[in-house]
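So the chains spell out like this:
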Amino acid sequence: MTNIKELYRLVTIISLFTIFIGCTTSNKSSRDLKNEKSNYENIFAIKNVNIIPMTVENKVLQNATILIKENKIVSINKSIPDDAIIIDGKDKWLIPGLIDMHVHNLSSGSFSKGFPTRGSTLNFETQNLMTPYFANGVTTVFELSGRVGHFSQRDEIESKKVIGPRIAIAAVIDGEGNEIVATTPLEGRQSVRNAKGLGYKFIKVYTWLSPETFKAVIDEAKKQGMKVVGHIPNAFEGKAAEEFFIPHFGLIAHAEELSKQTDDYSYEKAQEFARLAKESHTWLIPNLTNMVAIIKQAKSLESVTSLPSLKYVHPLMQDKWVTSNSYNKRATPELIDYFQKQADFHKLIVKAFKEAGVPMLAGTDAGISGVVWGFSLHDEIQLLVDAGLSNEEALATATRLAAEWLEINDKVGTIEIDKFADLVLLDENPLEDVSNTSKISGVIVNGKWIDATKIKTMLDHLAKWNNDNKERYLWKNRKNL
Ligand SMILES: [Zn+2]
């Protein structure tokens, strides 16, 4: 088991280096922008729609009319002003915009040699990075490897230069190998204060922190009013789980963090983790998608090359996922078997956490190979149902509960008057079959109504750009980028 774990670590570390990158500029013409802007201040009414509000009671409103003005929900079943744009919601279902609580967006960077006045040489069109999100009804994401480029992306969206989701950003603090490194409790505390000064609202603790520094980071984050998400450091292996389930460690980023801590994959062990999580108020992102994707690509790269959503991935990453795929390159039958045992245990973890009443949140790890931004959230929601959540519970992990953890539940996460109109119009009822979350008729994101036709046009544009630029972005030639 130990050797397998070592190999596994090597594989996961290598995969992390893929996630460095993101961009600040959009190449849209000013005329495009004007056209898009003109659509922002409009008043919309969706008529005759079935509203699934995703409040705790979640009483479905049938055949309702919802009025949206300046990006807010202003009324339900009241009169409609004459100048409202009418959207026909007949036989359709309206849910709150979806939230992915674990993503890694590309951001600007450089592989080639720099000099002091030279900035990033590898840039991305922010719109191309964001289109797959709203195309899939994702209107909020939690960036778990925060970099300066992500702040720029958030500003471009906020100022409506780019259509995209709301972005919460966490600063990663690690014991080695990450941008912010803290090797002592004192450094850990200072790193938290620095991150706060830079504008981060959240801290992500990482794998190589010492137990003492991990605890100091969490304690300082509490003092600074910052919530903590993250990994359980490997240094806790062999120690009692009480050591890392500590108050204010608010959210575990993968169920895998728990399966790494034990060789006992029994339901009793899952229940023990759940009980401790309940006591320390630690929530969980099961992140079932990434392990399923890892197993598939360890077995065969065809699982990546045959992905229908691969064409929406930046060509550099498309090429890397195929030509430099560490999960596939280092796969052995033993390693695949180990991954499979973990994946099975993760389902037990979901069951035990549900039984104990510990909230779970939908997060995909989008950005690791084989996990495509936006598209993967539907996979995660389905896997949560397969693991034992009801359709409604699974939807709550990607709406109300996620908003609650991010402390934006007064603004998004449910369909209620005065909240932002982050909304997804579906052709079929997701409470009957949760896979219906991907049958999207239209989305309201950042105050803009985008119907299925426009979504398709934007996705086609993105796929074409990616295809046209393949030769420019070969992974083996990245030193020139
Ligand atoms: Zn991640």
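Residues numbered from 1 in each chain as written. Predicted model: local features only at pLDDT ≥ 70, side-chain atom pairs only at ≥ 80, totals over all residues.

Visitor: Whenever I open this one, helix α3 (residues 126-135) confuses me. Can you help?
Guide: For an α-helix the count is 3.6 residues per turn, leaving residues at separations of three or four pointing the same way. Judged by how many residues are buried, α3 sits mostly within the fold: ten of ten residues are covered. All of the buried residues in α3 are T126, Q127, N128, L129, M130, T131, P132, Y133, F134 and A135. Those residues of α3 that are buried are in contact with β7 (138-143), α4 (148-158), α14 (375-386), β15 (440-445), β16 (448-451) and α17 (452-468). Downstream of α3 by one or two residues, G137 has phi in the positive range, about 80°. (Buried ≥ 20, exposed ≤ 12 C-beta atoms within 10 Å, placed from the backbone. Helix = DSSP H or I, 4+ residues; strand = E, 2+ residues; numbered from the N terminus. Contact = placed C-beta atoms within 7 Å.)

Visitor: What is the right way to read the packing of helix α9 (residues 288-299) against helix α13 (residues 333-356) from this model?
Guide: Packed helices, taken two at a time, are described by their axes: the angle between them and the distance between them. The geometry of α9 relative to α13 is characterised by a closest axis approach of 10 Å and an angle of 160° between their N-to-C directions. Accordingly, the angle class assigned to the pair α9 and α13 is roughly antiparallel. By crossing handedness, the relation of α9 to α13 is classed as left-handed. Contact with α9, carried on its side by L288, M291, V292, I294, I295, A298 and K299, involves L335, I336, F339, Q340, Q342, A343 and H346 of α13 and no other residues of that element. Broken down by class, the residue content of the contact of α9 with α13 amounts to ten nonpolar, three polar and one charged. (Axes fitted to C-alpha atoms, helices over the stretch in contact; angles between N-to-C directions. Parallel < 35°, antiparallel > 145°, perpendicular 65-115°, else oblique. Left-handed = near helix turned anticlockwise from the far one by under 90°. Nonpolar A, V, L, I, M, F, W, Y, C, P; charged D, E, K, R; others polar.)

Visitor: Looking at this structure, how should I read the packing of α3 against α17?
Guide: Closest axis-to-axis distance for the α3/α17 pair is 10 Å, and the angle between their directions is 145°. The crossing of α3 and α17 is left-handed. Between α3 and α17, the residues in contact are N128, T131 and A135 and I455, M458, L459, L462 and W465, respectively.

Visitor: What am I meant to see in the pairing of strand β8 (residues 166-174) here?
Guide: The side chains of a regular strand alternate, residue by residue, between the two faces of the sheet. Here β8 lies mainly inside the structure; nine of its nine residues are buried. A two-sided burial pattern is seen for β8, the buried positions comprising R166, A168, A170, V172 and D174 on one face and I167, I169, A171 and I173 on the other. With four bridges joining them, β8 and strand β10 (residues 202-205) adopt parallel strand pairing. Looking at the pairing, V172 lines up with K204 of β10. Here two bridges tie β8 to strand β9 (residues 180-181), and the two strands are oriented parallel to one another. Bridge pairing in β9 links I173 to I180. (Pairing = 2+ DSSP bridges.)

Visitor: How should I be thinking about the nonpolar core in this particular structure?
Guide: What tends to happen in soluble globular proteins is that the nonpolar side chains get buried as a cluster. Counting residues in hydrophobic clusters, the biggest one holds 140 residues, and the most contacted among them are L94, A170, I203, V217, I349 and A402. Here this core takes eight residues from α13, the largest share from any one element. (Core = buried A, V, L, I, M, F, W, Y, C linked by C-beta atoms within 7 Å.)

Visitor: Would you explain unusual backbone geometry in this entry?
Guide: Positioned with a positive phi, K160 is a non-glycine residue whose angle comes to about 65°. Located in the positive-phi region is D365, a residue other than glycine, with phi close to 70°. Locating D365 in the fold gives a position in the loop between α13 and α14.

Visitor: Sorry if this is basic, but what is going on with the confidence of the model for the chain here?
Guide: Predicted coordinates in areas of low pLDDT are best not read in detail. Mean pLDDT over the chain works out to 92, with 91% of the residues at or above the 70 mark. Contacts from residues 13-38, a stretch scored under 50 in pLDDT, to residues over four places away or in other chains number 48 contacts. (pLDDT = per-residue confidence, 0-100.)

Visitor: When you look at the environment of T397 in this model, what are you seeing that I'm missing?
Guide: Looking at the element boundaries, T397 is found in helix α15 (residues 391-397). Among the residues examined, T397 registers 26 C-beta atoms within 10 Å and is labelled buried. For the pair T397 and L98, spaced 299 residues apart in the sequence, the C-alpha separation amounts to 9.2 Å. Not counting residues up to four positions away in its chain, the partners in contact with T397 are M360, L361, A362, L384 and A402.

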